[in-house]
Amino acid sequence: MKKIFLLAVLAGGLAFGQVKKVTGSDVQWWGYKIAKSEASSHNGTVKVKSGEMVMKGNQLVGGTFVLDMTSINATDLTGEYQQKLNGHLKNGDFFEVEKFPTAAFKITGVKKNNDKVYTSLVSGNLTVKGKTNAVSFPAKITYANGTVTLASKKFTIDRQKFDVTYKSSMQDVLVKDDIDMMVKVTAK
């Protein structure tokens, strides 16, 4: 009877996949003023609070990442200017982190991509400020020695779809709708 139970557990694991817990991450963002250029941009980081990747054999088939929006940080500035920008990003001007302390990305599919480096196209649902929209991005996915790493190519999301708006209508005209992101997540 124990052998049958063990066999059922193993078969179930193979059918549904093996869950790997996120152990490391590097999420970078870029926001732009009127002209989308290096000179008119700010960039920074946000931490992954928790997450998991689901493997079926050596293929990534699913997963979820929770971003700690209270950790959003502009890294292109220092001192008083950095504190001011971080305050704008965290308050009602943009992400409202007191009301929405996390954002999440749930993988809904992974398929082959025609890129020599970023050979996978990851699709999923991104939820920011309670708004969920489909997002896809090219990624390089590696799996070795029980560790899976997903590293995205830089991709763009439209902040307006997530109600991430500068609350002053005139100021919002000065900020591009595009937010570029690059994500690297490791799970074991």
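Now for a description of the structure that goes with this document. Everything numeric in this text was worked out from a predicted model, so none of it was measured. (Residues numbered from 1 in each chain as written. Predicted model: local features only at pLDDT ≥ 70, side-chain atom pairs only at ≥ 80, totals over all residues. Heavy atoms only, no water.)

Section: the pattern of salt bridges
Then step 1. For the structure shown, the criterion picks out four salt bridges.
Then step 2. Here Glu 80 ties to Lys 84 by a salt bridge, and the two come within 3.2 Å at their closest N and O atoms. Pair noted here: Glu 80 and Lys 84 are both in helix α2 (residues 79–90), with a separation of four residues, about one helical turn.
Then step 3. Between Glu 96 and Lys 129 there is a salt bridge whose closest N-O contact spans 2.8 Å. Here the residue Glu 96 occupies a position in the loop between α2 and β4 (102–112), and Lys 129 occupies one in the loop between β5 (120–128) and β6 (131–144), the gap between them amounting to 33 residues. (Salt bridge = Lys/Arg side-chain N within 4 Å of Asp/Glu carboxyl O. Helix = DSSP H or I, 4+ residues; strand = E, 2+ residues; numbered from the N terminus.)

A few points about unusual backbone geometry
Most peptide bonds take the trans form, and the phi angle of most residues other than glycine is negative.
Then step 1. The phi dihedral of Glu 96 falls on the positive side, at around 50°, and the residue is not glycine.
Then step 2. The backbone phi angle of Asn 145 is positive, close to 50°, even though this residue is not glycine.
Then step 3. Among the secondary structure elements, Asn 145 is positioned in the loop between β6 and β7 (147–152).
Then step 4. Since its relative accessible area comes to 82%, Asn 145 is described here as exposed. (Buried < 20%, exposed > 50% of the residue type's maximum accessible area, 1.4 Å probe, protein only.)

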